[in-house]
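# Breakdown of the fold
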Amino acid sequence: MIVDCAIYRDGTRTEGPKDFSLALAQCRRGGDAFVWIGLYEPTEGEFDRVAQEFGLHPLAVEDALTAHQRPKLEVYDDSLFMVLKPVGYEPKHDVVSAGEVMVFIGDSFVVTVRHGEEAPLAAVRSRLEAEPEMLRHGPTAVLYSIADAVVDHYVDVAGELSTDLEELEADVFSPTGGGSRHTASRIYNFKRQILEFRRATGPLAQPLDRLAGGGVFGVRVPFVHAKAQPFFRDVNDHLTRVNESVEALDRLVSDMLSAHLAQMSVRQNDDMRKISAWAAMAAVPTMIAGIYGMNFDHMPELHWLWSYPAVIAGMAALEVMLYRLFKSRGWL
């Protein structure tokens, strides 16, 4: 469905034809305006007319309809196509969710296609309409603002993940929380969420590098204003910091999982030593009682007056000796 369709002239939203075909023709005649069409999860039939009118490449159209794309930047004859993956984070359940934003820019037009609930396009449009100086730069300003909003939210999500990871780390290595059988699954689930976040941030580095003028031989990307390169470079710097943070989080979670497994192994060894120590202490009276329970006739101790107290005292002495020995070695 078409969420919004507007004409922007000299940085200001203006009234124009409701039909986007007429709006595009009007913008191209004026030369100083562009039309911005926003769509949300369009069907093939809804998007077909838009694609034909704006001359969008069939491969890009297919990507925009099917979604589930990696962040990328494609240059076609009549348009520029970019895919971004905005993310959201639910701290209560430690879940990272990703949406998709496809942006087409060309001669006097911008077409944005949104999939999922994480795309900040409404806020981007509102902010741009409040900054006419930015909007005067045309479709490039829209592309920059969308990329900037997506990457800025990456920074927020990375901070939330870092905070939750610190809480998880404190819980895992606490005296009472680390022994739960669900701890390893919690750590692994958190690692899966970081991987989901990484799928959104990692592949975006190359497209932003191209937009910032750092691509092959520094060639300027078509349909993007040359003076916009420093702005995209700033966005790319923010993304670089996010990717470094994500890599650090991923390494920390892996180290935490390894440390937790080692900790569990040490605890199991401690438990086995305690069990072995108690078993050894139980074996001594069992052995003595077994000997005197054989009921042989020629066992002189059976006829002594003090044999029973002597055996009980001997058992107690051996138990005390074994207890002190195991205690001194840390087995109990």
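You'll find the structure just up there.
This section reports on the structure supplied with the text. Every value quoted in this text rests on a predicted model; they were computed, and no experiment measured them.

Criteria and cut-off values
Residues numbered from 1 in each chain as written. Predicted model: local features only at pLDDT ≥ 70, side-chain atom pairs only at ≥ 80, totals over all residues. Heavy atoms only, no water. Helix = DSSP H or I, 4+ residues; strand = E, 2+ residues; numbered from the N terminus. Rg over C-alpha atoms; globule rule 2.2 N^0.38 Å. Buried < 20%, exposed > 50% of the residue type's maximum accessible area, 1.4 Å probe, protein only. Contact = heavy atoms within 4.5 Å. Areas by Shrake-Rupley, 256 points an atom, 1.4 Å probe, with all protein chains shown as cover. Lys, Arg positive; Asp, Glu negative; His and termini not counted. Charge placed at Lys NZ, Arg CZ, Asp CG, Glu CD. Core = buried A, V, L, I, M, F, W, Y, C linked by side-chain atoms within 4.5 Å. Phe/Tyr/Trp six-rings, centres within 6.5 Å; stacked < 30°, edge-to-face > 60°.

## Some details on the overall build of the protein chain
Looking only at helices and strands, the protein chain features ten helices and nine strands. The C-alpha atoms of the protein chain give 35 Å as radius of gyration, which overshoots the globular expectation for 332 residues (20 Å, by more than 25%). Each principal axis of the C-alpha atoms in the protein chain carries an extent, and together these give about 125 × 40 × 35 Å. Counting every position in the protein chain, which comprises 332 residues, the buried fraction comes to 40%. Long-range contacts, defined as pairs at least 24 residues apart, comprise 66% of the intrachain contacts of the protein chain with a sequence gap of at least 6. Total accessible area on the protein chain is roughly 18100 Å²; 56% of this is exposed by carbon and sulfur atoms. For the protein chain, the distance from the average site of its 32 positive side-chain charges to the average site of its 46 negative ones is 3 Å.

## A word on the nonpolar core
Core analysis: the largest hydrophobic core is formed by 54 residues, its most contacted members being Y154, F197 and L208. For this core, the element with the highest residue contribution is helix α6 (residues 139-172), accounting for 15 residues. If you look at the next biggest cluster of nonpolar residues, it comprises 26 residues, including C27, V35, A64 and F104.

## Focus: the packing of aromatic side chains
Applying the stated criterion across every chain yields a total of eight aromatic pairs. Here the aromatic rings of Y8 and W36 are separated by 6.2 Å at their centres, their planes lie at 45 degrees, and the arrangement is tilted. With Y8 in strand β1 (residues 2-9) and W36 in strand β3 (residues 33-40), this pair connects stretches of sequence that are 28 residues apart. Y8 sits in the buried class, given a relative accessible area of 1%. With centroids separated by 5.5 Å and ring planes inclined at 65 degrees, the aromatic side chains of Y144 and F231 adopt a geometry described as edge-to-face. Of this pair, Y144 sits in helix α6 while F231 sits in helix α9 (residues 229-292), and the two are 87 residues apart along the sequence. Of the residues examined, F231 reaches a relative accessible area of 44% and is grouped as partly exposed. An aromatic cluster of three or more residues is present, and its members are Y8, F34 and W36.

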